[in-house]
Each structure stands twice: as structure tokens, then as C-alpha cells.
2 protein chains.
Amino acid sequence: MNPKRCAACKYLRRKCPKDCIFSPYFPPSDPHKFACIHRIYGAGNVSKMLQQLPVQTRAEAVESLSFEAKCRVDDPVYGCVGIISLLQTQIQKTQTLLAKTQAEIAVAQTKHSQHTNL
Amino acid sequence: MNPKRCAACKYLRRKCPKDCIFSPYFPPSDPHKFACIHRIYGAGNVSKMLQQLPVQTRAEAVESLSFEAKCRVDDPVYGCVGIISLLQTQIQKTQTLLAKTQAEIAVAQTKHSQHTNL
């Protein structure tokens, strides 16, 4: 066995070929990353998805797939959609606060101009 | 063939068993929903994920998996992580605007109190 197999090939207990589609993105130092991806998508699906992408976009695709897989392992019901919901709530709260603050400014400006016109 | 097969069993060209794990969540009227899920996760992985969840949480899990799968089909590089990035940018912009507005209030209030103290 090649001790420099990538994390994917090590996980899949196979030889790591020279042109391994996983090896640039799954270094042996981070076995958990591939384990998550494999559990959620399956190695075959990830390999297929990567093959359909231009090489220069694959690293970003692996990062986003890996993020989604970790979220799904942590939260099997909502996955990273739970994060989207949280962020949307945060945006709504901030926008409400912003509207309130802008209304306060308008009131303060009206009072100020009434005062200066007296 | 049972004409009332669920969308998953229809897609997989198999009989829809009485206790089909997919049928409550994949009505025959929406074949695209299962097609996306199958393309990204594979039917076996989704079945496994659902089996590991309490029945009352499965509908929500299917919705979030389905959303993530559709996002991944639409954006194969970033998937729904692209939406998270967009929302985070929107939050930062709104928070910056809020801080600016609050600073404007502080300036207006200081001017107002200086004016009334004269």
C-alpha cells in the first residue's frame, strides 16, 4: 500500500492512482473531510460531480460539498438549510432595527426643524 | 405496474411497496423533486438518511435535502453554500448601514442638545 494515498483512497481501501480525482482535495491529513462527504453523497456521486466540472472550479466545489456534508452530519434534519433560515431571521431582525432607527431619525429631524423654526 | 407508484419508485422503475420510505414525501405529481435528490445523493443514501431519522422529522429532512439538491443542480460549484455567502454579504451591508444610521442619530442628537443649550 502506498503510504501517501489520499484520504479518499485510504478510506475506500484502494490504491491511489496517479490521476486520482480526489487526491488534490483530500489530503491524508484530514480523513474526516472525506468520511463526511462519503457518508452523505457517496464517493461515486462526488466523483461524477467533480468530473462534470472544469478542473479550476473543483477545489471550490469540494469545499462547498464538504461544508454541506458536515452540516448534514451535525444536523440530519435541516443540514445547512438550517443556517440559511438562521441568517434570514438575522437579516429580518437587522432590517427591522434599521427601519426603526431610520424612523427615529426622521422624528428627531422633524423636532429639530420645528425647534429652529420657532 | 401500479399507476399510483410514488415519484421515487416510478423513477427507479420498481414496484412501490406499501411501506415505501419515499412515498409519503415524493408524490407522483412532482417527478423533478426525486430526480434532483437522486442525482445528487443517490436513492440509497437518501433512504439510509431517512431511516435513521424519527418519522415525524422525515418530511422536513426531505424538504431540506430537496432544496440542497436543487441548489446543487442549479449551481454545481457552490450549491446552497452560494446562498449562505450571499446572505452573509447582505447581513454585513445591512449592519454597516445600521451602524452608519445610528452614528447619524448620535450626531443629530448632539447638535440638537448643543442648540437647545445655547
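Residues numbered from 1 in each chain as written. Chains lettered and ligands numbered in written order. Predicted model: local features only at pLDDT ≥ 70, side-chain atom pairs only at ≥ 80, totals over all residues. Heavy atoms only, no water.

What follows concerns the packing of aromatic side chains. Overall, the coordinates contain 9 aromatic pairs over all chains when judged by the stated rule. Taking the centre distance of 5.2 Å and the plane angle of 85 degrees together, the rings of F26 of chain A and F34 of chain A count as edge-to-face. Like F26 of chain A, the residue F34 of chain A is buried in the burial classification. Aromatic pair F22 of chain B and F34 of chain B: ring centres 5.3 Å apart, planes at 65 degrees, arrangement edge-to-face. Here F34 of chain B lies in helix α2 (residues 31-40) and F22 of chain B lies in the loop between α1 (7-11) and α2, a separation of 12 residues in the sequence. Three or more aromatic residues joined by ring pairs form one cluster here, namely Y11, F22, F26 and F34 of chain A. Across from the ring centre of F26 of chain A, 5.4 Å away, lies the NZ or CZ of K33 of chain A, which sits over that ring. (Phe/Tyr/Trp six-rings, centres within 6.5 Å; stacked < 30°, edge-to-face > 60°. Buried < 20%, exposed > 50% of the residue type's maximum accessible area, 1.4 Å probe, protein only. Helix = DSSP H or I, 4+ residues; strand = E, 2+ residues; numbered from the N terminus. Lys NZ or Arg CZ within 6 Å of the ring centre and 35° of its normal.)

Residues and elements named next belong to chain B. Within the secondary structure, A8 sits in helix α1. In this structure, the C-alpha to C-alpha distance between A8 and F34, residues 26 residues apart in sequence, is 5.7 Å. Leaving out residues up to four positions away in the same chain, A8 has contacts with F22, F26 and F34. (Contact = heavy atoms within 4.5 Å.)

So, about the UniProt feature "coiled-coil region" (unreviewed entry) in chain A. Per the UniProt entry, the sites bearing "coiled-coil region" (unreviewed entry) are residues 84-111 of chain A in this numbering. Across residues 84-111 of chain A, helical content stands at 100% and strand content at 0%; the span's end C-alpha atoms are separated by 41 Å. (UniProt positions renumbered as here; feature names shortened; annotations may be inferred.)

Quick look at unusual backbone geometry now. A positive phi angle, near 50 degrees, is found at R13 of chain A, a position not held by glycine. Position of R13 of chain A relative to the elements: it lies in the loop between α1 (7-11) and α2 (31-40).

Turning to the environment of C36 of chain A, a few remarks are in order. Note that C36 of chain A resides in helix α2. Not counting residues within four places of it along the chain, the set of residues in contact with C36 of chain A comprises A69, K70 and V73 of chain A.

Residue and element names in this part refer to chain A. What the domain assignment lists for chain A is domain 1 (1-74) and domain 2 (77-117). Contact with domain 1, which involves 4 residues of that partner, is made by 5 residues of domain 2. Contact between domain 1 and domain 2 buries roughly 350 Å² in total, counting both sides, with carbon and sulfur atoms accounting for 66%. At the boundary of domain 1 and domain 2, one finds 0 salt bridges. Counting across the domain 1 and domain 2 interface gives 1 residue pair in polar contact (both at pLDDT 80 or more). (Domains from an automatic or database assignment. Buried area = accessible area lost by both parts, 1.4 Å probe. Salt bridge = Lys/Arg side-chain N within 4 Å of Asp/Glu carboxyl O. Polar contact = N/O pair within 3.5 Å; in protein donor to acceptor, adjacent residues only side chain to side chain.)

With that settled, consider the relation of the copies chain B and chain A. Of the transformation superimposing chain B on chain A, the axial component is 0.0 Å and the angular component is 180 degrees, with the fit at an RMSD of 0.0 Å. The transformation relating the two chain copies, once decomposed into turn and shift, fits a two-fold axis. Of every C-alpha in chain B, the one belonging to Y41 of chain B sits nearest the axis of rotation, 2.3 Å from it. Take the interface residues of chain B: 100% of them recur as interface residues in chain A, which is what a same-surface contact looks like. (Least-squares fit on C-alpha atoms with pLDDT ≥ 70 in both.)

Going through the model one piece at a time under the given rule, you end up with 4 salt bridges over all chains. Across the pair R72 of chain A and E68 of chain B runs a salt bridge whose closest N-O atoms are separated by 2.8 Å. Residue R72 of chain A is located in helix α4 (residues 55-74), and its partner E68 of chain B is located in helix α4 (residues 55-74); the two belong to separate chains. Residue R72 of chain A is classed as buried on the basis of its relative accessible area of 3%. As a salt-bridge pair, K33 of chain B and E63 of chain B come within 2.9 Å of each other at their nearest N and O atoms.

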